[in-house]
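# Report on the structure
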Amino acid sequence: MRQYEVMVIIDPDVDDRQVNGLLEKPLAGLTKAGGTVDNLDIWGRRRLAYDIRKKSEGIYAVINITAEPADVKELDRQFTLNEQIMRTKVIRPDTR
């Protein structure tokens, strides 16, 4: 099991109350596979450095998880299949 940090940028047209529900289904699949969600931090609406799909802002969410690499790859795939999620970025934080 490894620690990962996943940043997700959600379409700004999504209502703020729907953000948690949008993230919960893929995260439920991760926990079913044996991973854990350590922290879910929703930053809210932020201005983007450049337009994505002709949108100048997005809703940022940062998720800290502990899981197997194959499970994280499947989580990223689930996020990219959802049209309401504009971008994802998965990194392994430096743990020294």
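In this report, we go over the structure that sits alongside the text. (Residues numbered from 1 in each chain as written. Predicted model: local features only at pLDDT ≥ 70, side-chain atom pairs only at ≥ 80, totals over all residues. Heavy atoms only, no water.)

Right, let's talk about the overall build of the protein chain for a bit. Across its full length, the protein chain carries two helices and four strands. Helices (α) and strands (β) of the protein chain occur, in sequence order from the N terminus, as β-α-β-β-α-β. What you see for the protein chain is a C-alpha radius of gyration of 13 Å, in line with the 12 Å of a compact globule of 96 residues. With the C-alpha coordinates of the protein chain rotated into their principal frame, the extents come out at 35 × 30 × 20 Å. Within the span of the protein chain, comprising 96 residues, buried residues form 34% of the whole. Taking all contacts inside the protein chain whose residues are at least 6 apart in sequence as the whole, residues at least 24 apart take part in 72%. Placing the 16 positive and 16 negative side-chain charges of the protein chain at their respective mean positions leaves the two points 4 Å apart. (Helix = DSSP H or I, 4+ residues; strand = E, 2+ residues; numbered from the N terminus. Rg over C-alpha atoms; globule rule 2.2 N^0.38 Å. Buried < 20%, exposed > 50% of the residue type's maximum accessible area, 1.4 Å probe, protein only. Contact = heavy atoms within 4.5 Å. Lys, Arg positive; Asp, Glu negative; His and termini not counted. Charge placed at Lys NZ, Arg CZ, Asp CG, Glu CD.)

Turning next to the layout of surface pockets. The space that makes up the largest pocket amounts to roughly 200 Å³. Lining the largest pocket we find Leu22, Lys25, Pro26, Gly29, Leu30, Ala33, Asp71, Glu74, Leu75, Gln78 and Asn82. Listing elements by their share of the lining of the largest pocket, those giving two or more residues are helix H1 (19–32) and helix H2 (69–81). The dominant element in the lining of the largest pocket, judged by the number of residues it contributes, is H1, at five residues. (1 Å grid on protein atoms, 1.4 Å probe; cavity = no way out; pocket = protein on both sides within 12 Å on 5 of 7 lines; lining within 4 Å. Points joined across faces, edges and corners; volume = space filled by probe spheres on them.)

This next bit is on H1. Here H1 is 14 residues long and its end C-alpha atoms lie 21 Å apart, about the 20 Å a rise of 1.5 Å per residue gives. At Lys25, H1 shows its largest kink, close to 35°, and the proline Pro26 lies no more than four residues downstream. Within the span of H1, buried status applies to Val19, Leu22, Leu23, Pro26, Leu27 and Leu30. Taken together, the buried residues of H1 touch strand E1 (2–10), strand E2 (36–52), strand E3 (55–67), H2 and strand E4 (85–91). Note on H1: the residue one or two positions beyond its end, Gly34, has a positive phi of about 110°. (Expected span 1.5 Å × (residues − 1). Bend = angle between axes of the 7 residues up to and from the residue.)

Further remarks concern the pairing of E2. Note: E2 against E3, eleven bridges, orientation antiparallel. Among the inter-strand pairings, Asn39 is bridged to a residue of E3, identified as Asn64. Hairpin connection between E2 and E3: a loop of two residues separates the two successive antiparallel strands, and Arg53 in this loop has a positive phi of roughly 55°. (Pairing = 2+ DSSP bridges.)

This paragraph deals with a nonpolar patch on the surface. Together, Val37, Leu40 and Ile42 give the surface a local cluster of nonpolar side chains, amounting to about 190 Å² of exposed area. Looking at the secondary structure, you find Ile42 in strand E2. (Patch = residues over 30% accessible without salt bridge, like charges linked within 9 Å, V, L, I, M, F, W, Y side chains within 5 Å. Areas by Shrake-Rupley, 256 points an atom, 1.4 Å probe, with all protein chains shown as cover. Salt bridge = Lys/Arg side-chain N within 4 Å of Asp/Glu carboxyl O.)

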